[in-house]
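Residues per chain are reported as follows:
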Amino acid sequence: MEPTHALQPADALETMRTQTILVAGAGVAGRGVISMLCALGATSVVVADDNAQALSHIADGGKTELRLLSVAEAIDTLDVWQPQLVVTSPGWKPESPLLARASELSIPVIGDIAAAWLADQAGAFGEPRTWLAVTGTNGKTTTTAMLTSMLVADGRAALAVGNIGIAPAAALAAQHRGEPRSDVFVAEVSSFQLHWAPMFVPTVGCILNLAEDHLDWHGSYENYCADKAQVLTAPESVLALDDAHVRNTARARHVVSPRGYTIQDPEKVASQDKQRVVGVRDGRLVEIVVGDPSQTTNLAPVQGISPPGPAGLADAAASAAMARALGVAPQAIEAALAGFKVQAHRGQVVLEHEGVVWIDNSKATNPHAAEAALRGQRNVIWVAGGQLKGAAVDGLIRAIGGALKAVVALGVDRAELVAEVSRQLPDLPVTVIDATDPEEAMRAVVQAAHGLAEPGDSVVLAPAAASLDMYTGMSQRGDLFAQYAVAYAEAEQATQERG
């Protein structure tokens with residue numbers, strides 16, 4: 001089913017306040033929406049969730065009548081108490097029975113981002129905020145965090161929301177309860193959230209990159225790109241000039257962007273006259289105005305940007321370009337990048353020992369993310385494997401083969417990965433870890449990598465695969481990688497000292 005396009009802020013706010021609203025799902029996003037609706041003084045909110053404790057976090061809904069139904073109950077009775085609006089959690093697929101039934105009954109369906117944006121734009125929580133939207137297949141969290149840091153360094157009351165930080169609806173409700181107001185929302189938004197927000201128009205929007213992902217949810221790569229492209233409705237959209245898929249998506253929608261970014265010299269990449277482009281020149285991030293050499297602004301040194309490598313540099317360039325769209329001072333951009341440390345599992349350096357750097361990029365759960373993590377590097381001991389989910393790795397191996405010194409493979413689909421490495425790079429050393437116990441497997445991985453690594457090498461966990469074959473999630477996988485890397489180094493050092 002398709003989300004509704006027709007809702008306008010004032011009408012949506014009136015509906016949320018005076019009519020029965022159905023919230024589909026009471027996870028993090030759903031709970032934020034419920035809190036916001038209560039803060040708005042909504043008359044009636046029905047929550048569809050199979051968790052009997054779904055509303056236990058709300059001590060007092062105020063004057064709002066709150067009811068909890070199981071999903072089956074909600075489907076069976078939807079035609080009886082027809083709500084005037086459904087607000088769905090982002091993970092719910094369009095063909096979910098409850099949402100499909102709502103469509104049959106012509107009940108509008110929107111998502112949590114849309115609900116928060118509509119209420120905010122209608123002035124329900126004071127002067128509408130400035131919304132900056134960051135999306136893409138990879139790099140969203142780091143870019144969102146960098147951009148928020150730049151805005152804060154410039155003295156702006158900015159808050160990271162969406163898939164990073166707090167749900168935007170929850171942030172609006174928190175302000176209603178007396179917490180400090182944020183004037184700028186920096187929103188990390190997924191393709192799921194954007195699918196349910198066709199009316200969402202941020203002030204600044206950026207698609208960092210595009211590659212096949214979540215096709216089971218969207219149905220096709222074209223649909224996935226179309227949903228991501230919602231952020232390009234922003235009057236200040238920022239184009240990733242190094243990504244052909246992003247450029248093609250923008251071109252297909254006749255988006256002519258006033259801004260862009262690259263990790264190359266911007267003058268060599270940009271072609272649109274008067275476009276403002278952030279790029280790299282002489283070891284510094286700079287912003288130029290295409291066709292006017294006199295308008296070049298130094299932003300920050302490239303050295304020391306975290307995470308290291310092209311992926312981190314691209315995130316820094318994207319966040320700087322978005323910050324400049326709001327007039328953030330160069331000094332604030334430099335200060336923010338100088339103090340920025342990447343979040344865990346996103347290219348974090350977890351150990352430097354005897355000339356070897358150990359990097360945790362466990363968040364690289366698909367081939368595109370792994371390529372971004374390894375592109376441009378050299379002498380890499382690559383730790384890879386897990387659940388490939390049907391993703392092909394031949395293109396990944398071709399792209400990063402020159403960076404690799406050795407491979408240590410683990411996980412349920414390790415044989416497929418090893419077979420492709422051996423086919424393309426038959427002389428590359430490969431160590432296969434057959435253990436299936438999570439701790440035993442990672443301990444063996446680290447031991448093998450320590451034996452292979454020499455000064456000047458990097459050991460990079462960038463699995464190109466999901467983690468749930470052995471681990472509770474990518475966080476546990478990364479945590480154990482860091483834990484055993486440090487433990488092995490400490491044991492080695494203790495042995496040397498005793499000797």
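Relevant structure appears above.
This write-up is about the structure you can find in this document. (Residues numbered from 1 in each chain as written. Predicted model: local features only at pLDDT ≥ 70, side-chain atom pairs only at ≥ 80, totals over all residues. Heavy atoms only, no water.)

A tally of helices and strands in the protein chain yields 19 helices and 20 strands. Compactness check: the protein chain gives a C-alpha radius of gyration of 24 Å against a globular reference of 23 Å for 499 residues, within 12% of the reference. Considering only C-alpha atoms, the protein chain reaches an extent of 75 × 60 × 45 Å along its principal axes. In the protein chain, which comprises 499 residues, the proportion classed as buried is 57%. A separation of at least 24 residues holds for 66% of the contacts in the protein chain among residues at least 6 apart in sequence. Total accessible area computed for the protein chain in this model is approximately 19900 Å², and 48% of it derives from carbon and sulfur atoms. Each charge class in the protein chain was averaged separately, 35 positive and 55 negative side chains, and the resulting centres sit 5 Å apart. (Helix = DSSP H or I, 4+ residues; strand = E, 2+ residues; numbered from the N terminus. Rg over C-alpha atoms; globule rule 2.2 N^0.38 Å. Buried < 20%, exposed > 50% of the residue type's maximum accessible area, 1.4 Å probe, protein only. Contact = heavy atoms within 4.5 Å. Areas by Shrake-Rupley, 256 points an atom, 1.4 Å probe, with all protein chains shown as cover. Lys, Arg positive; Asp, Glu negative; His and termini not counted. Charge placed at Lys NZ, Arg CZ, Asp CG, Glu CD.)

Time to look at the pattern of salt bridges. Under the criterion given, the structure shown has 17 salt bridges. For Arg156, the salt bridge goes to Asp154, with nearest N and O atoms at 3.0 Å. Across the pair Arg259 and Glu287 runs a salt bridge whose closest N-O atoms are separated by 3.2 Å. Taken together, the positions of Arg259 in strand β11 (residues 259-261) and Glu287 in strand β13 (residues 284-289) put the pair 28 residues apart, joining distant regions of the chain. Here Arg259 and Glu287 have matching classes, each one buried. (Salt bridge = Lys/Arg side-chain N within 4 Å of Asp/Glu carboxyl O.)

Time to look at the packing of helix α13 (residues 310-325) against helix α14 (residues 330-339). Between α13 and α14, whose axes approach to 11 Å, the crossing angle comes to 150°. The angle between α13 and α14 places the two elements in the roughly antiparallel class. Handedness of the α13/α14 crossing: right-handed. Along its contact with α13, which presents Ala316, Ala320, Ala323 and Arg324, the element α14 presents Pro330, Ile333 and Leu337. Considering only residue class, the contact of α13 with α14 consists of 6 nonpolar, no polar and 1 charged. (Axes fitted to C-alpha atoms, helices over the stretch in contact; angles between N-to-C directions. Parallel < 35°, antiparallel > 145°, perpendicular 65-115°, else oblique. Left-handed = near helix turned anticlockwise from the far one by under 90°. Nonpolar A, V, L, I, M, F, W, Y, C, P; charged D, E, K, R; others polar.)

Burial of nonpolar side chains together is a common tendency in soluble globular proteins. Ranked by internal contacts, the top residues of the largest apolar core, which has 103 residues, are Met36, Tyr261 and Leu285. In terms of residue count, the dominant contributor to this core is α13 (9 residues). Residues Leu410, Met442, Val446 and Ala448 belong to the second largest nonpolar core, which totals 28 residues. (Core = buried A, V, L, I, M, F, W, Y, C linked by side-chain atoms within 4.5 Å.)

To continue, consider unusual backbone geometry. A cis amide bond links Ser306 with the next residue in sequence, Pro307, at an omega value of 5°. The topology assignment puts Pro307 in the loop between β14 (292-301) and α13.

With that settled, the discussion passes to the sheet that holds strand β20 (residues 458-461). Sheet strands pair via backbone hydrogen bonds, and the direction of the pair is either parallel or antiparallel. If you trace the 6 strands from one edge of the open sheet to the other, you get β15-β16-β20-β17-β18-β19, paired in mixed fashion. Of all the strands in the sheet, the pair left with one neighbour each is β15 (348-353) and β19 (430-432). Direction aside, the axes of adjacent strands within the sheet are offset by 15° on average. Relative to strand β16 (residues 356-360), β15 runs antiparallel, the two sharing 5 bridges. Each residue of the ladder has a partner; that of Leu351, found in β16, is Trp358. Relative to the sheet, helix α18 (residues 438-452) contacts β15, β16, β17 (380-384), β18 (404-409), β19 and β20, its axis offset from that of β18 by approximately 160°. (Pairing = 2+ DSSP bridges.)

The next thing to look at is the packing of aromatic side chains. Applying the stated criterion across every chain yields a total of 5 aromatic pairs. On the numbers, 5.2 Å between centres and 75° between planes, the contact of Trp131 with Phe185 is edge-to-face. Within this pair, whereas Trp131 is found in strand β6 (residues 130-135), its partner Phe185 is found in strand β8 (residues 184-188), the two being separated by 54 residues in sequence. Judged by its relative accessible area of 1%, Phe185 is buried. Joined through ring pairs, the aromatic side chains of Trp117, Trp131, Phe185 and Phe200 make up one cluster. When the ring centre of Trp81 is taken as origin, the NZ or CZ atom of Arg67, which lies over that ring, is 5.6 Å away. (Phe/Tyr/Trp six-rings, centres within 6.5 Å; stacked < 30°, edge-to-face > 60°. Lys NZ or Arg CZ within 6 Å of the ring centre and 35° of its normal.)

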